[in-house]
Amino acid sequence: DGGITQSPKYLFRKEGQNVTLSCEQNLNHDAMYWYRQDPGQGLRLIYYSQIVNDFQKGDIAEGYSVSREKKESFPLTVTSAQKNPTAFYLCASNHRDRGYEQYFGPGTRLTVT
Amino acid sequence: EDQVTQSPEALRLQEGESSSLNCSYTVSGLRGLFWYRQDPGKGPEFLFTLYSAGEEKEKERLKATLTKKESFLHITAPKPEDSATYLCAVQGDNQGGKLIFGQGTELSVKP
């Protein structure tokens, strides 16, 4: 079955530690996205990539980093510089051409204490 | 500035009580308007894409419509399993493939 996988579903970290969230897709999509979702704030774009080895900052990129070495994979690292990292993180993908819907993974809930 | 506003924030219905959710948008050159359903603790599930004013899409009890300024998601005779948050998003000419999301409408359908 084609789809997007995110792992792990729940992640706990101590403050000051970097953590990497996994996102893999087998939909042969060119573009991939990372969003953050907080209660009452909707989805906010962190980073996106429209082609391998290239990515752009979204609206809230500070404290995050990404890589796109393979078409199928777009890992997100939450660094210790992110001031409020506890949130629900969603990965999405779509075809690069405009007008195509994005498909989402199941999400990773990160809790930092 | 491109933006999306959804109303109401929350909607409570009795089973079988039809209603509509609203998505108002301002965007430079609409490329697509998207509706998603999101259950608690899960990723959004794609429902519909609308491209131009006058277009309509249907799926079971849901019907999405589009005008030049807004979109409606009509829910006919809802059931408790329709309870979820419904998200609206738009893609415009100036966004390079990115979507702008509204805050969502939380729908609760009681038996």
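Being a predicted model, the structure only gives us computed values, none of them experimental.

1. A closer look at the overall build of chain A
When helices and strands are counted, chain A shows zero helices and 11 strands. A globule of 113 residues ought to have a C-alpha radius of gyration of about 13 Å, and chain A, at 13 Å, matches this closely. The principal-axis extents of the C-alpha atoms in chain A amount to approximately 40 × 30 × 25 Å. Looking at the 113 residues of chain A, the share that counts as buried comes to 47%. Carbon and sulfur atoms provide 45% of the accessible area of chain A, an area that totals close to 5,700 Å². Across chain A, 13 positive and 12 negative side-chain charges occur, with their mean positions spaced 6 Å apart.

2. Here we look at the pattern of salt bridges
Side-chain pairing between opposite charges can occur once the charged atoms of the two side chains come close. All names here are of chain A. Summed over all chains, the structure comprises eight salt bridges over all chains. When the shortest N-O distance is used, the salt bridge between Lys71 and Asp30 registers 3.7 Å. Of this pair, Lys71 sits in the loop between β7 (64-66) and β8 (76-78) while Asp30 sits in the loop between β3 (19-25) and β4 (31-38), and the two are 41 residues apart along the sequence. Under the relative-accessibility criterion, Lys71 is labelled partly exposed at 25%.

3. Side note on unusual backbone geometry
At the junction of A:Ser7 and A:Pro8, the peptide bond is cis and its omega measures out at -10° in the coordinates. Along the chain, A:Pro8 turns up in the loop between β1 (4-7) and β2 (10-13). Looking along the chain, the bond that leaves B:Ser7 and enters B:Pro8 is cis, with omega of -10°. Structurally, the position occupied by B:Pro8 is in the loop between β1 (3-7) and β2 (10-14). A positive phi angle, near 60°, is found at A:Asn28, a position not held by glycine. Since its relative accessible area comes to 52%, A:Asn28 is described here as exposed.

4. Notes on the sheet that holds strand β7 (residues 62-66) of chain B
Residues and elements named next belong to chain B. Across the sheet, five strands lie side by side as β1-β3-β8-β7-β6; this open sheet has antiparallel pairing. Sheet topology places β1 and β6 (56-59) at the edges, where each strand pairs with a single neighbour. Strand-to-strand twist in this sheet, taken as the mean axis angle between neighbours without regard to direction, amounts to 15°. When β6 meets β7, the two strands line up antiparallel, connected through four bridges. Bridge assignment links Glu58 to a residue of β7, and that residue is Lys63.

The rules behind each value
- In this numbering scheme, every chain counts its residues from 1 along its sequence in written order.
- Chain A is the first chain written and ligand 1 is the first ligand written, with later ones labelled in order.
- Side-chain atom pairs in this predicted model are given and counted only at pLDDT of 80 or more, local residue features only at pLDDT of at least 70, and totals for whole chains, interfaces and linings cover all residues.
- Each side-chain value is worked out from all heavy atoms of the structure, with water and hydrogens disregarded.
- Here a strand is any run of E in DSSP of at least two residues, a helix any run of H or I of at least four, and the numbering for each starts at the N terminus.
- Put simply, the radius of gyration uses C-alpha atoms, and a globule should come to 2.2 Å times the residue count raised to 0.38.
- Only protein chains enter the accessibility calculation, which uses a 1.4 Å probe. A residue is then buried if its area is under 20% of the maximum for its type, exposed if over 50%, and partly exposed in between.
- Note on areas: Shrake-Rupley, 1.4 Å probe, and residue coverage restricted to the protein chains presented here.
- For the purpose of charge, His is not counted, nor are the chain termini; Lys and Arg are scored as positive and Asp and Glu as negative.
- Lysine's charge is taken at NZ, arginine's at CZ, aspartate's at CG and glutamate's at CD.
- Basic side-chain nitrogens of Lys or Arg form a salt bridge, by our definition, when they fall within 4 Å of a carboxyl oxygen of Asp or Glu.
- Whether two strands pair depends on DSSP finding at least two bridges between them.
- For every element, the axis is a line fit to its C-alpha atoms; helices are fit only across the contacting stretch, and the angle between N-to-C directions ranges from 0 to 180 degrees.

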